[in-house]
Amino acid sequence: MKITRHPENPIVVPGIYEWRLATVFNPAVIKDNGKFYMIERTAGSLTPCKNFLGLLESEDGVHFTHVVDKPVVTPDMLGFPYGSVQDPRIVKIDDTFYMTFALRPCAMNYYPTGTGIPERSIPKYPDGWGEEEGHWLTRSILMSSRNLTDWEYVCTTTPLEINDRNNMLFPERIGGKYALLRRPEEYIGEAFGTDQAAIWITYSGDLKNWEEPKLLAKAESEWEGKKIGSSTPPIRTEHGWLLLYHGVDSNIVYRVGAMLLDLEDPSKVIARTKDFIMEPETYYEKFGYQIPNVIFPTGCVLDEGILHIYYGVTDTAIALATVPLSDMLDHLLAGAQQS
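Residues numbered from 1 in each chain as written. Predicted model: local features only at pLDDT ≥ 70, side-chain atom pairs only at ≥ 80, totals over all residues. Heavy atoms only, no water.

## Focus on the nonpolar core
Part 1 of the argument: Counting residues in each nonpolar core, the largest one holds 31 residues, and the members touching the most others are I39, V73, I90, F101 and W151.
Part 2 of the argument: Elements with a contribution of two residues or more to this core: β2 (23-32), β3 (35-43), β4 (51-58), β6 (84-93), β7 (96-104) and β10 (139-145).
Part 3 of the argument: The greatest single-element share of this core, amounting to four residues, is contributed by β7.
Part 4 of the argument: When sequence neighbours within four positions are dropped, the list of residues in contact with F101 reads L53, V73, L78, V85, Q86, D87, P88, R139, S140, I141 and M143.
Part 5 of the argument: In this structure, A271, I277, L307 and A317 belong to the second largest nonpolar core, which totals 25 residues. (Core = buried A, V, L, I, M, F, W, Y, C linked by side-chain atoms within 4.5 Å. Buried < 20%, exposed > 50% of the residue type's maximum accessible area, 1.4 Å probe, protein only. Helix = DSSP H or I, 4+ residues; strand = E, 2+ residues; numbered from the N terminus. Contact = heavy atoms within 4.5 Å.)

If you want it as structure tokens, here you go:
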């Protein structure tokens, strides 16, 4: 299977506005009424690295321009003036857009090393911010909108006492319920059935009250040995829900895999790639302002039979890769038959 990187990569880079001067990455992307819409994760500074969510649009899915010159979601809107909103994912159910993203109540300082994970320090914040352990844990938030610019809080989808990100909704109800993928980092050990942070699934009848999550998939290969997490919202296909996920190895290299989930019971994995389908290869995927060797998809749009995979690179910029859906499904199903 050949996944093709766009020749104009990276397609979205920092600049233009003060709130996105330092970095842009890990976007949510959806196509609606003939246009591609992107919600980017941005930062105007790395010290502290306070993140915002901005809205862009495109006719061709490659060349994006901003819809508004201000962020559409900020941590301040949620009552966290020194916080950070991160890694959005988006779906549309009926006539409403739903966006999940991670929220850290306080933002850290990052100092790029160019050779590995940036060094970090904790800023001094006023009014007691940053003094509680929970101020440095990452929770996940669900918001809704009818127009992509005005967002309303729906709920916090994860407990406040753990780190839980990579939350994303399925784009339709399943058995009358909403389905949500999670990645609780503290759910490890014998009691949880996994030794590394893994992918879990939960359900809700009203988007506010969520059932206890069930373990969906855990690390199986060396390239995902440190942890795995859902990457892009599932896409319905004739063979099952297509889910792209990321794996992180012991050297902190981020790669991409794929799996198929049962359409009626998405807690069942039908097929899964044994090896990764993407890994850092190009310069912009290996070197950047922040963490090197990172490919991190957070948006995937199926358009005229082609999967458009939007991914963050080195926590610095946004890139695009494409692959025919049929090729992806053939690759997954062939692997399932061999096993």
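## Description of unusual backbone geometry
It is generally the case that most residues other than glycine have a negative phi and that most peptide bonds are trans.
Part 1 of the argument: Cis rather than trans, the peptide bond between N9 and P10 has omega equal to -10 degrees.
Part 2 of the argument: In this fold, P10 is placed in the loop between β1 (4-5) and β2.
Part 3 of the argument: Residue T47 is joined to P48 through a cis peptide bond whose omega torsion reads 0 degrees.
Part 4 of the argument: Here P48 lies in the loop between β3 and β4.
Part 5 of the argument: Its identity is not glycine, yet D94 carries a phi of approximately 60 degrees, on the positive side.
Part 6 of the argument: Mapping D94 onto the fold places it in the loop between β6 and β7.
Part 7 of the argument: D94 sits in the exposed class, given a relative accessible area of 58%.

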